[in-house]
Amino acid sequence: MPTDPVIGVLAVQGDVREHLAALAECDVVARPVRRATEIAEIDALVLPGGESTTIDKLTRAFDLREPILDRLKAGMPAYGSCAGMILLADRVVDAIEGQQTFGGIDMTVRRNAFGRQVESFEEDLRVTGVDGEPVRAVFIRAPWVEEVGDAVEVLATVAEGPAAGRIVAVRQGNLLATSFHPEITGDIRVHRLFVEMVRSAG
Ligand code: GLN
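Since we're looking at a predicted model, the values are computed, not measured. (Residues numbered from 1 in each chain as written. Predicted model: local features only at pLDDT ≥ 70, side-chain atom pairs only at ≥ 80, totals over all residues. Heavy atoms only, no water.)

*Asks:* Mind showing me how you'd approach unusual backbone geometry here?
*Replies:* Leaving glycine aside, a negative phi is the common case for residues, and trans is the common case for peptide bonds. Backbone geometry at C82 places phi at a positive 55 degrees, although glycine is not the residue there. The phi dihedral of N112 is positive, around 45 degrees, even though this residue is not glycine. Along the chain, the position of N112 falls in the loop between β6 (105–110) and β7 (120–125). Exposure remark for N112: the relative accessible area of 31% places this residue in the partly exposed category. (Helix = DSSP H or I, 4+ residues; strand = E, 2+ residues; numbered from the N terminus. Buried < 20%, exposed > 50% of the residue type's maximum accessible area, 1.4 Å probe, protein only.)

In structure tokens:
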């Protein structure tokens, strides 16, 4: 891509500002997306952490769902963290009634999977595609991935504790998803990984 790619952050609810700040450090044009017309102007989309049920409802209320789905089906790269991971899942366990996702990643995620005892926790994780030190992964009422189809590449699993072995980062084609929130740690390597995906897709 000759010019810097334009990466939108879906800005109806959630930690939009944090993603915009992380992307701003990655040599891309980062902008919030709130209107259907803005979907046509982006090369890629980030679905932030927040509350997947609220993001789903507001996305439909603001007529963003169809244009986003059309772009995703046409191969637009997207990265979802936490609630955003849920929005990219083909199947959700413990969804609320009527909850919809965009889908695109052949996986089943379980909402709020880690349970009350460990609703929020942090762990150092090895993430495939992220070189150097492990990634400090912050989980906040996070989903995990229960099962994946053959086309899905598992990038990270929880190393220890009651959730050991659970899948928490995946990639399928141009879609990337993490159960955790790199946008709130100041470590932009996962965003850089996504930007590399965007550049090679372009
Ligand atoms: N539990 C939230 C949901 O179901 C996700 C939490 C998060 O994004 N931090 O959407």
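*Asks:* In this structure, what is going on with the packing of aromatic side chains? I would like to understand it.
*Replies:* How two aromatic rings sit relative to each other is set out by the distance from centre to centre and by the angle between their planes. Applying the stated criterion to the full structure yields six aromatic pairs. Consider the rings of Y79 and F194, whose centres lie 5.8 Å apart with planes at 45 degrees: the pair is tilted. With Y79 in strand β4 (residues 78–81) and F194 in helix α6 (residues 189–201), this pair connects stretches of sequence that are 115 residues apart. Seen from their ring centres, F114 and F139 are 5.3 Å apart, and the 55 degrees between their planes marks the pair as tilted. One end of the pair, F114, is in the loop between β6 and β7; the other, F139, is in strand β8 (residues 135–140), and 25 residues separate them in sequence. Considered together, F114 and F139 belong to a single accessibility category, that of buried residues. Here the aromatic cluster, defined as three or more aromatic residues joined through ring pairs, consists of F114, F121, F139, W144 and F180. (Phe/Tyr/Trp six-rings, centres within 6.5 Å; stacked < 30°, edge-to-face > 60°.)

*Asks:* What's the story with the environment of T178 in this structure? I'm lost.
*Replies:* Mapped onto the elements, T178 comes out in strand β12 (residues 175–178). For T178, a relative accessible area of 1% gives the class buried. Sequence separation between T178 and V9 is 169 residues; the distance between their C-alpha atoms is 15 Å. T178 has contacts with Y79, G80, S81, C82, M85, V168, A169 and V190, leaving out every residue within four places of it along the chain. (Contact = heavy atoms within 4.5 Å.)

*Asks:* Is there a simple way to think about the site of the ligand in this case?
*Replies:* All residues adjacent to the ligand are G49, G50, E51, S52, C82, A83, I86, R111, N112, I140, R141 and H181. Within the backbone of R141, one N or O atom sits 2.9 Å away from a nitrogen atom of the ligand. Contact distances for the ligand include 3.0 Å between a nitrogen atom and a side-chain N or O atom of H181. Against a free-state accessible area of 300 Å², the protein chains account for coverage of 95% of the ligand. The residue inventory of the shell around the ligand, partitioned by class, reads four nonpolar, five polar and three charged. (Near = heavy atom within 4 Å. Polar contact = N/O pair within 3.5 Å; in protein donor to acceptor, adjacent residues only side chain to side chain. Areas by Shrake-Rupley, 256 points an atom, 1.4 Å probe, with all protein chains shown as cover. Nonpolar A, V, L, I, M, F, W, Y, C, P; charged D, E, K, R; others polar.)

*Asks:* Please clarify how α6 should be interpreted in this entry.
*Replies:* Since there are 3.6 residues in each turn of an α-helix, residues three or four apart along the chain are aligned in direction. The first and last C-alpha atoms of α6 sit 18 Å apart over 13 residues, in line with the 18 Å expected at 1.5 Å per residue. Listed in full, the buried residues belonging to α6 are V190, H191, L193, F194, V195, M197 and V198. (Expected span 1.5 Å × (residues − 1).)

*Asks:* So what exactly am I meant to see when it comes to the nonpolar core here?
*Replies:* Soluble globular proteins: nonpolar side chains tend toward being buried together. Membership of the largest hydrophobic core comes to 39 residues, with the highest contact counts inside it found for I7, F114, F139, F180 and F194. Among the elements that line this core, the one with the most residues is α6, at six residues. Look past the residues within four positions of F139 in its chain and what remains in contact with it is F114, E119, S120, F121, L125, V168, S179 and F180. Judged by nonpolar contacts, the second largest core, of 31 residues, contains V12, F102, V109 and V152. (Core = buried A, V, L, I, M, F, W, Y, C linked by side-chain atoms within 4.5 Å.)

Scope: geometric values only; no functional claims are made or implied.
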